[in-house]
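Summary of the model geometry
Letter by letter, the chains look like this.
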Amino acid sequence: MNTLGDMNQGISTHRVPVRHFSVPLSATHRGARLARLLATEKLLAWELPLDPARLIVAELATNAALHGRVPGRSFRLALCVVPPGTLRVELTDTRGDRLPVSPRATVDRYAESGYGLLLVEELADRWGVRCGPVPSKTVWAELDLGAERSASGHETTHRIDRRSRGHIV
C-alpha cells in the first residue's frame, strides 16, 4: 500500500524556478525575432551570459514560427533558472502533431537550411520535446550554469559550463 510519504517522494523532485519569464508571441518571423530580443533583455537583467542561450532561443523560436505555426495561434517563450543552476529555454507551439526528428538523421550537408536542431543539440547540455496538453508540444533546452571570475577579479554568479562535454568556455 502506498503511503503519503511514498507519494511525496515523486513530488519532492520537482525543481521550483528561482527566476521565471514567459510570454506568448505571434507565430511569425516577427514573433521569432521578438523572442530573441526579449530573451536577450531577460538574460541581461538576470546577469546571465547571452550566448549560447540567445542562439538556442533564435533557433527554437524560428522553428516554432515556421513548423509549429497554426493560423491565429501563437507560440510561447519561457525562460527559467532552476536549482542548482540550470537555465531552461522552452518554446511551446500548437502543432503537437509535428514533432521534431533527430537532427543527425535529417541533415543534408548540401542544404541551405535544416541545421537548427543540430545547433541546439550541440549548444545545449540537454534538449528534448514534451507533448501536450493537446494540441501543443514544447521543445526545451537546458544550459548548466556555474561561477566564474570576471576580468575585474570579482566572481560573477553564472556562466555556461561545458567541461563535462569536452568543450572549453
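Quick look at the structure, then. (Residues numbered from 1 in each chain as written. Predicted model: local features only at pLDDT ≥ 70, side-chain atom pairs only at ≥ 80, totals over all residues. Heavy atoms only, no water.)

**Concerning the pairing of strand S2 (residues 74-82)**
We count it as follows: Partly exposed describes any residue whose relative accessible area lies between the buried limit of under 20% and the exposed limit of over 50%, with all areas from a 1.4 Å probe on protein chains only and scaled to the type maximum. Secondary structure is summarised from DSSP: a helix means a run of H or I of at least four residues, a strand means a run of E of at least two, and numbering begins at the N terminus for each. A pair of strands is treated as paired once DSSP finds two or more bridges between them.
With seven of nine residues buried, S2 is to be regarded as a mostly interior element. Sheet topology places strand S1 (residues 19-26) next to S2; eight bridges connect them, and they run antiparallel. Across the sheet, the residue bridging to Arg19 is Val81, located in S2. Note: S2 against strand S3 (residues 86-93), seven bridges, orientation antiparallel. Its bridge partner lying in S3, Leu79 is registered against Val89. Hairpin connection of S2 to S3: three residues between the antiparallel strands, including Gly85 at a positive phi of 150°.

**Examining the nonpolar core**
Side chains of nonpolar character tend, in soluble globular proteins, to be buried together. Applicable threshold: By nonpolar core we mean a set of buried residues, namely Ala, Val, Leu, Ile, Met, Phe, Trp, Tyr and Cys, connected to one another through side-chain atoms within 4.5 Å.
In terms of nonpolar packing, the biggest core is built from 31 residues, with Ile56, Leu60, Phe75, Leu77, Leu79 and Leu87 touching the most fellow members. Listing elements by their share of this core, those giving two or more residues are S1, helix H2 (29-45), helix H3 (53-66), S2, S3, helix H5 (116-123) and strand S5 (137-149). No other element matches H3, which puts seven residues into this core.

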